[in-house]
Amino acid sequence: MEQSRALPTEVDLSRPSAARVYDYFLGGAHNFEIDRQLAEQIAAMTPNLADTMRAGRSFLRRAVAELTRLGVDQYLDIGSGIPTVGNVHEVAQGINPEARIVYVDIDPVAVAHSRSILEGNPRTAVIQADVRDPEHILAEAARTGLLDFTRPVGVLLAGVVHFVPDDDDPDRLMAVLRAAVPPGSYLVISHSTYEDQPQEMLDAQKLSARTATEITLRSKAQVTGFFGDFELLEPGVVHMPLWRPDSPDDVDDHPERFGAFGGVGRKPVAG
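Residues numbered from 1 in each chain as written. Predicted model: local features only at pLDDT ≥ 70, side-chain atom pairs only at ≥ 80, totals over all residues. Heavy atoms only, no water.

Colleague: Tell me what's going on with the overall build of the chain, and back it up with residues and numbers.
Modeller: Helix and strand counts for the chain come out as nine helices and eight strands. By element, 51% of the accessible surface of the chain is carried by carbon and sulfur atoms, the whole surface being about 11,900 Å². (Helix = DSSP H or I, 4+ residues; strand = E, 2+ residues; numbered from the N terminus. Areas by Shrake-Rupley, 256 points an atom, 1.4 Å probe, with all protein chains shown as cover.)

Laid out in structure tokens, this is it:
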């Protein structure tokens, strides 16, 4: 389904968008033919990639549900993409209707569609910003008036840090985000990996270079390092389906096939 109306005139529809490719794999309608073509090329090389995308969304839903039940009522979702079915505000507000969410994405198409989808929900906001500029993200998030950085915040980085190349110092941006939130805050990360992956998966990842956001695969140790001194919730940094599955039946014999690690950490509270 083409969705060209109400899009910014500067949007380049001649090049695929990572956010729209992701939306396509999740079964969303906010994508274009050029995105679908790239998605199908990737899917032809890795038939289970749609399952991988859905596993990532499922991990995020489980993490947000867990944190909301633990009392977190405000979220900063960085690299949110297009909030299709099962998005953060649906999960959090389904448990706590007062929960507030600020979505952040660099893609103007993702931002435009997000604002349209979220129209009429006063406890959500969308800002366009680059994950590589965390200071700007934090300032804009505070400016929305939805987030109170004197109280615990859930910072969500689901499938986004792997779009930050080593040259852009992801360790620094993670340190800025960790320092900006008060004790009792949580950090949720999922990140693509080369560990335990077949060659065809690694080849498919190379196709990401055709979008504006190439993927950098990292090890479990590197992903764990992004949590800094945050205390990891059990079971730690694991292949995504292994992080607190809703049922043992949700985990098959090869959870590594989804190609990404996930984890949740809590900023220590003194005393």
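Colleague: Describe the packing of helix α6 (residues 134-143) against helix α7 (residues 170-180), with residues and values.
Modeller: Where α6 meets α7, the closest approach of the two axes is 9 Å, and the angle between their N-to-C directions is 30 degrees. It follows that α6 is roughly parallel to α7 by the angle criterion. Facing α6, whose interface residues are Pro134, Glu135 and Leu138, α7 presents Arg172, Leu173, Val176, Leu177 and Ala180. Of the residues contributing to the contact of α6 with α7, the split by class is six nonpolar, no polar and two charged. (Axes fitted to C-alpha atoms, helices over the stretch in contact; angles between N-to-C directions. Parallel < 35°, antiparallel > 145°, perpendicular 65-115°, else oblique. Contact = heavy atoms within 4.5 Å. Nonpolar A, V, L, I, M, F, W, Y, C, P; charged D, E, K, R; others polar.)

Colleague: I'd love a proper account of the packing of aromatic side chains, names of residues and values included.
Modeller: Counted by the stated rule, this structure contains two aromatic pairs. When the centroid spacing of 5.8 Å and the interplanar angle of 90 degrees are considered together, the rings of Phe59 and Trp243 count as edge-to-face. Taken together, the residues span a long stretch of sequence, with Phe59 in helix α3 (residues 49-69) and Trp243 in the loop between β7 (238-239) and β8 (260-266) at a distance of 184 residues. In terms of burial, Phe59 and Trp243 fall into one category: buried. (Phe/Tyr/Trp six-rings, centres within 6.5 Å; stacked < 30°, edge-to-face > 60°. Buried < 20%, exposed > 50% of the residue type's maximum accessible area, 1.4 Å probe, protein only.)

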